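So you can see what is in the structure, the chains are spelled out below.
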Amino acid sequence: MGAGEAASAGPRVGVLALQGDFREHAHVLARLGAHVSLVRRPEELAAVDGLVIPGGESTVMDKLARAYGLAEPLRAAIAAGMPVYGTCAGLIMLADTILDAIAGQQTLGGLDVVVRRNAFGSQNQSFETDLDIPALGAEPVHAVFIRGPVVESVGPRATPLATLADGRVVAVEQGNLLGTSFHPEITGEYRFHEYFLDRVRSRSLSRSRNG
Ligand code: GLN
């Protein structure tokens with residue numbers, strides 16, 4: 001294998017780069033060996049096997065996704081089974097239903113959940129806590145919440161992955177979709193990205209096998 005092939009051997013992962021902390025995600029994914037690209041246009045989305053939707057501001061991300069002609073291609077990719085991991089605003093984008101949205105705000109949908117925006121109050125009510133997430137191993141996950149959403153209800157197609165001590169759900173998965181209310185990309189916590197990359201790898205493997 002030549003050097004060029006080795007460099008491109010990792011899974012091809014995009015980070016939606018319309019707005020928000022996409023650089024932090026790109027950094028973590030590259031550290032984990034993924035072949036990372038930033039996605040702002042439909043052609044860039046078509047070139048990746050998985051996508052991260054970062055934290056930021058979902059109202060802005062929604063407007064930009066529609067303005068850039070990305071919202072429909074993103075919905076189609078999600079419906080086709082592309083692995084997608086959304087953090088915070090990214091989780092909001094993946095939710096089928098949102099509460100406390102601004103007028104006209106749309107999501108991409110896919111996750112059978114109801115998510116409430118800014119559920120923990122304003123910026124100065126951001127907080128950090130440790131979460132037990134058995135799916136990721138015995139070591140607790142240090143979670144940073146920044147004006148994060150909460151998953152108010154989980155429909156039958158989705159599964160909660162993490163809850164706060166008071167029982168509120170802050171991480172969910174459904175097939176190839178994964179969402180967290182918090183930001184592993186800024187704490188050196190790589191296990192969610194690994195979990196996501198496993199899905200991307202198995203999907204690109206099965207796609208190359210099936211032609
Ligand atoms: N409050 C933001 C929103 O509604 C999300 C915050 C974040 O991604 N850190 O989109």
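Values in this document were obtained by computation on a predicted structure and should not be read as measured data. (Residues numbered from 1 in each chain as written. Predicted model: local features only at pLDDT ≥ 70, side-chain atom pairs only at ≥ 80, totals over all residues. Heavy atoms only, no water.)

Student: Explain the site of the ligand here, please?
Tutor: Around the ligand lies a shell formed by Gly-55, Gly-56, Glu-57, Ser-58, Cys-88, Ala-89, Ile-92, Arg-117, Asn-118, Ile-146, Arg-147 and His-183. One of the backbone N or O atoms of Ala-89 is found 3.0 Å from an oxygen atom in the ligand. Within the backbone of Arg-147, an N or O atom sits 3.0 Å from a nitrogen atom of the ligand. Looking at the shell around the ligand residue by residue, the class counts come to four nonpolar, five polar and three charged. (Near = heavy atom within 4 Å. Polar contact = N/O pair within 3.5 Å; in protein donor to acceptor, adjacent residues only side chain to side chain. Nonpolar A, V, L, I, M, F, W, Y, C, P; charged D, E, K, R; others polar.)

Student: What is the right way to read the packing of helix α2 (residues 22-31) against helix α7 (residues 191-209) from this model?
Tutor: A pair of packed helices can be characterised by two numbers: the angle between their axes and the separation between those axes. Interhelical geometry of α2 versus α7 gives an angle of 70° and a closest axis separation of 10 Å. As the angle between them shows, α2 and α7 are arranged roughly perpendicular. Along this stretch, α2 crosses α7, giving a crossing that reads as right-handed. Contacts from His-25, Val-28 and Leu-29 in α2 reach His-193, Phe-196 and Leu-197 in α7. A breakdown of the residues in the contact of α2 with α7 according to their chemical character gives four nonpolar, two polar and no charged. (Axes fitted to C-alpha atoms, helices over the stretch in contact; angles between N-to-C directions. Helix = DSSP H or I, 4+ residues; strand = E, 2+ residues; numbered from the N terminus. Parallel < 35°, antiparallel > 145°, perpendicular 65-115°, else oblique. Left-handed = near helix turned anticlockwise from the far one by under 90°. Contact = heavy atoms within 4.5 Å.)

Student: In this structure, what is going on with α2? I would like to understand it.
Tutor: Given 3.6 residues to a turn, an α-helix orients residues that are three or four positions apart in the same direction. When we look at burial in α2, the residues that qualify are Phe-22, His-25, Ala-26, Val-28 and Leu-29. Seen along its axis, α2 keeps its buried residues to an arc of 165°; they face one direction. Residues of α2 that are exposed and point more than 90 degrees away from the buried face comprise Arg-23 and Arg-31. Residues of α2 that are buried make contact with β1 (12-16), β2 (35-39), β3 (50-53), β4 (84-87) and α7. After α2 finishes, the residue Gly-33 shows a positive phi value of roughly 95°. (Buried < 20%, exposed > 50% of the residue type's maximum accessible area, 1.4 Å probe, protein only. Arc of directions from axis to C-beta.)

Student: When you look at the pairing of β3 in this model, what are you seeing that I'm missing?
Tutor: Here β3 shows no split at all, with Gly-50 and Val-52 on one side and Leu-51 and Ile-53 on the other all buried. Here β1 runs beside β3; their pairing, made up of three bridges, is parallel. Paired with Val-13 across the two strands is Gly-50, which belongs to β3. Bridge count for β3 against β4 is three bridges, and the pairing is parallel. The residue of β4 that forms the bridge with Val-52 is Tyr-85. (Pairing = 2+ DSSP bridges.)

Student: How should I be thinking about the nonpolar core in this particular structure?
Tutor: Generally speaking, soluble globular proteins have nonpolar side chains that are buried together. Formed by 32 residues in total, the largest nonpolar core has its most connected members in Leu-16, Leu-45, Leu-51, Ile-53, Val-84, Val-113 and Val-115. Of all the secondary structure elements, the ones that give two or more residues to this core are β3, α4 (58-67), α5 (71-79), α6 (89-94), β5 (95-99), β6 (111-116) and β11 (169-174). Considering each element in turn, this core owes the most residues, five residues, to α6. (Core = buried A, V, L, I, M, F, W, Y, C linked by side-chain atoms within 4.5 Å.)

Student: Mind showing me how you'd approach unusual backbone geometry here?
Tutor: Peptide bonds are, in most cases, trans, and in most cases residues other than glycine have a negative phi. One non-glycine residue, Cys-88, lies in the positive phi region at around 60°. Here Cys-88 is to be found in the loop between β4 and α6. Owing to a relative accessible area of 4%, Cys-88 belongs among the buried residues under this scheme.

Student: Even after reading the chapter, I still don't get the packing of aromatic side chains, so can you show me in this structure?
Tutor: Pairs of aromatic rings are described using the distance from one ring centre to the other and the angle between the two planes. Inspection of every chain in the model, using the stated rule, returns seven aromatic pairs. Aromatic pair Phe-120 and Phe-145: ring centres 5.4 Å apart, planes at 65°, arrangement edge-to-face. Here the residue Phe-120 occupies a position in the loop between β6 and β7 (127-131), and Phe-145 occupies one in strand β8 (residues 141-145), the gap between them amounting to 25 residues. A relative accessible area of 11% means that Phe-120 is categorised as buried. Classification of Phe-145 by relative accessible area gives buried; the value is 1%. Ring centres of Phe-182 and Phe-192 lie 5.6 Å apart, and the angle between their planes is 70°; on these two criteria the pair is classed as edge-to-face. (Phe/Tyr/Trp six-rings, centres within 6.5 Å; stacked < 30°, edge-to-face > 60°.)

Student: Just to check I follow, could you spell out the confidence of the model for the protein chain for this structure?
Tutor: As a note on interpretation, predicted positions should not be read in detail where pLDDT is low. Averaged over every residue, the pLDDT of the protein chain is 93; residues scoring 70 or more account for 94%. Taken as a whole, residues 1-8 scores under 50 in pLDDT and shows three contacts with residues more than four places along the chain or in a different chain. (pLDDT = per-residue confidence, 0-100.)

Student: Explanation requested: α4 in the structure shown.
Tutor: Taken residue by residue, α4 has Ser-58, Thr-59, Met-61, Asp-62 and Ala-65 as its buried positions. Each buried residue of α4 lies within a common arc of 165° when the element is viewed along its axis, so the set occupies one face. Every exposed residue of α4 that faces more than 90 degrees away from the buried side is listed here: Lys-63 and Ala-67. Contacts made by the buried residues of α4 are with β3, α5 and α6.

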